[in-house]
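Reading the structure
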Amino acid sequence: LCNRHHSWQVWQDFIEMSACAIANAVDQRKEVWKLRENSYMDIVKRYSKDELNLICELFSITVLALEENAAQDFLGNFYMQLDFGKNWHGQYFTPWHVAELMAKLEMGDSAKEEIAVNGYISVNDSCCGSGCMLMAFANTCKEDTNINYQQSVLFIGQDVDEVVAKVCYIQISLLGC
């Protein structure tokens, strides 16, 4: 893909297309659905059929990687391996083992009680990056506390970088958060 296109553009297009596809599958409001569809189609025009097949393959690899092992920051690791973060944007993503430790500390003993009273708990990452901390929290719910995070947790993530915020959206959406 990078023979004809700059690697950053390919990454940005892959993320935008993936986020649009996921969002349009679940959010059918006409006013936003059409905007996302137009964005998606504008990107499609830049690539050949073979190149689009490679982008689809990358999305499939992402889905399979998270299905096989939800306890990872697949796209975040990929982003950092492509060297898009530290040198270009000054970003350093949280390593999985650190995010996992922080999620266990954040969970506390009262989560199940809070769910019983309020119906849910929430977790917020104001610098979510690729979503590692939110995904680690989901994994901690599932593995350590037997909390069904898909039903009982409100995940909130924000970031000033639109591309990495969409990476977070893709990954936590694929995990059902």
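Further up the page is the structure itself.
Here goes a summary of the coordinates provided. (Residues numbered from 1 in each chain as written. Predicted model: local features only at pLDDT ≥ 70, side-chain atom pairs only at ≥ 80, totals over all residues. Heavy atoms only, no water.)

1. Concerning the pattern of salt bridges
In plain terms, the rule: Salt bridges are defined as contacts in which a side-chain nitrogen from Lys or Arg sits within 4 Å of a carboxyl oxygen from Asp or Glu. To qualify as a helix, a DSSP run of H or I must reach at least 4 residues; to qualify as a strand, a run of E must reach at least 2; elements of each kind are numbered from the N terminus. Burial classes follow relative accessibility: with a 1.4 Å probe on protein chains only, a residue under 20% of its type's maximum area counts as buried, one over 50% as exposed, and anything between as partly exposed.
On inspection of all chains with the given rule, the structure shows eight salt bridges. Between glutamate 51 and arginine 4 there is a salt bridge, with its nearest N and O atoms 2.9 Å apart. One end of the pair, glutamate 51, is in helix H3 (residues 49-68); the other, arginine 4, is in the segment before helix H1 (7-26), with 47 residues separating them in the sequence. Two residues, aspartate 144 and lysine 104, come together in a salt bridge whose shortest N-O distance is 2.6 Å. With a gap of 40 residues between them, aspartate 144 in helix H8 (residues 132-145) and lysine 104 in helix H6 (residues 96-107) connect regions that are remote in the sequence. According to the relative accessible area criterion, aspartate 144 is partly exposed, its value standing at 42%.

2. Regarding the pairing of strand S1 (residues 121-125)
Where we set the bar: The pairing criterion is simple: DSSP has to find at least two bridges between the two strands.
Where burial is concerned, the two faces of S1 differ: the one with Ile121, Val123 and Asp125 is buried and the one with Ser122 and Asn124 is not. For S1 and strand S2 (residues 153-157), the ladder comprises five bridges, and the chain directions are parallel. Following the sheet pairing, asparagine 124 is matched in S2 by isoleucine 156.

3. Examining unusual backbone geometry
Note on backbone geometry: most residues besides glycine have negative phi, and most peptide bonds are trans. Despite not being glycine, aspartate 83 has its phi angle at roughly 65°, a positive value. Along the polypeptide, aspartate 83 turns up in the loop between helix H4 (74-81) and helix H5 (85-89). Notably, asparagine 146 is not glycine yet its phi reads approximately 60°, a positive angle. With respect to the secondary-structure elements, asparagine 146 resides in the loop between H8 and helix H9 (149-152). Given a relative accessible area of 67%, asparagine 146 falls into the exposed group.

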